[in-house]
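If you want the building blocks of each chain, they are given just below.
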Amino acid sequence: MRIAPTPSTFRRQPPSLCRHTPACPTGDSADAEAARVVAGHPEQGWSLLCNGVFVFADTGDLLPDGRIVAPHRPALATH
């Protein structure tokens, strides 16, 4: 039987790895994906931003506090 991890068992990333000026948006801001990439692995489909957000190729995110943002691709244009 597999036990689902609880929020207390996750190892949290620091709230920000941002060391430059001006500082990037925080991980909980609406424009969090505008932060700089500190570890990019496009071949694996993910990147870590300096604000602690993991962004995935499917456009989903994992926020520093462990919350998940569902993939949010733009809607397809119709003619």
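Refer to the structure presented above.
Residues numbered from 1 in each chain as written. Predicted model: local features only at pLDDT ≥ 70, side-chain atom pairs only at ≥ 80, totals over all residues. Heavy atoms only, no water.

## Brief notes about the pairing of strand 2 (residues 46-49)
- Strand direction decides the pairing type here: strand 1 (residues 37-41) and strand 2, joined by four bridges, are antiparallel. In the sheet register, His 41 faces strand 2, and the bridge partner there is Trp 46.
- Where strand 1 folds back onto strand 2 in an antiparallel hairpin, the turn is made up of four residues, including Gly 45, whose phi is positive at roughly 85°.
- Pairing analysis gives three bridges linking strand 2 to strand 3 (residues 54-56), with the strands arranged antiparallel. Residue pairing in the sheet places Trp 46 in a bridge with Phe 56 of strand 3. (Pairing = 2+ DSSP bridges. Helix = DSSP H or I, 4+ residues; strand = E, 2+ residues; numbered from the N terminus.)

## What to know about the sheet that holds strand 2
- An order of 1-2-3-4-5 is seen for the five strands of this open sheet, with the pairing classed as antiparallel. Unpaired on one side and paired on the other, strand 1 and strand 5 (68-69) mark the two borders of the sheet.
- Of the pairings in the sheet, the one linking strand 3 to strand 4 (residues 61-62) comprises two bridges and is antiparallel in character. Its bridge partner being in strand 4, Phe 54 is matched across the sheet by Leu 62.

## Considering the nonpolar core
- Counting residues in hydrophobic clusters, the biggest one holds nine residues: Cys 18, Cys 24, Ala 32, Ala 35, Leu 49, Cys 50, Val 53, Val 55 and Leu 63.
- Those residues in contact with Ala 35 that sit more than four places away from it in its chain are Cys 24, Pro 25, Leu 49, Cys 50 and Asn 51. (Core = buried A, V, L, I, M, F, W, Y, C linked by side-chain atoms within 4.5 Å. Buried < 20%, exposed > 50% of the residue type's maximum accessible area, 1.4 Å probe, protein only. Contact = heavy atoms within 4.5 Å.)

## Looking at the environment of Arg 36
- Position of Arg 36 among the secondary structure elements: in the segment before strand 1.
- Sequence spacing of Arg 36 and Pro 25 is eleven residues, and the spatial spacing of their C-alpha atoms is 9.4 Å.
- With sequence-adjacent residues up to four places away left out, Arg 36 is seen in contact with His 20, Cys 24, Leu 48, Leu 49 and Cys 50.

## Structural notes on a nonpolar patch on the surface
- A cluster of nonpolar residues, Phe 56, Leu 62 and Ile 68, forms a patch on the protein surface that exposes about 280 Å² of accessible area.
- Looking at the secondary structure, you find Leu 62 in strand 4. (Patch = residues over 30% accessible without salt bridge, like charges linked within 9 Å, V, L, I, M, F, W, Y side chains within 5 Å. Areas by Shrake-Rupley, 256 points an atom, 1.4 Å probe, with all protein chains shown as cover. Salt bridge = Lys/Arg side-chain N within 4 Å of Asp/Glu carboxyl O.)

## Concerning unusual backbone geometry
- For Thr 59, which is not glycine, the phi dihedral falls at a positive 75°.
- Inspection of the secondary structure puts Thr 59 in the loop between strand 3 and strand 4.

## Notes on the pattern of salt bridges
- Applying the stated criterion across every chain yields a total of one salt bridge.
- Here Arg 67 ties to Asp 65 by a salt bridge, and the two come within 2.7 Å at their closest N and O atoms.
- Of the residues examined, Asp 65 reaches a relative accessible area of 37% and is grouped as partly exposed.

Nothing here speaks to function; it is all geometry.
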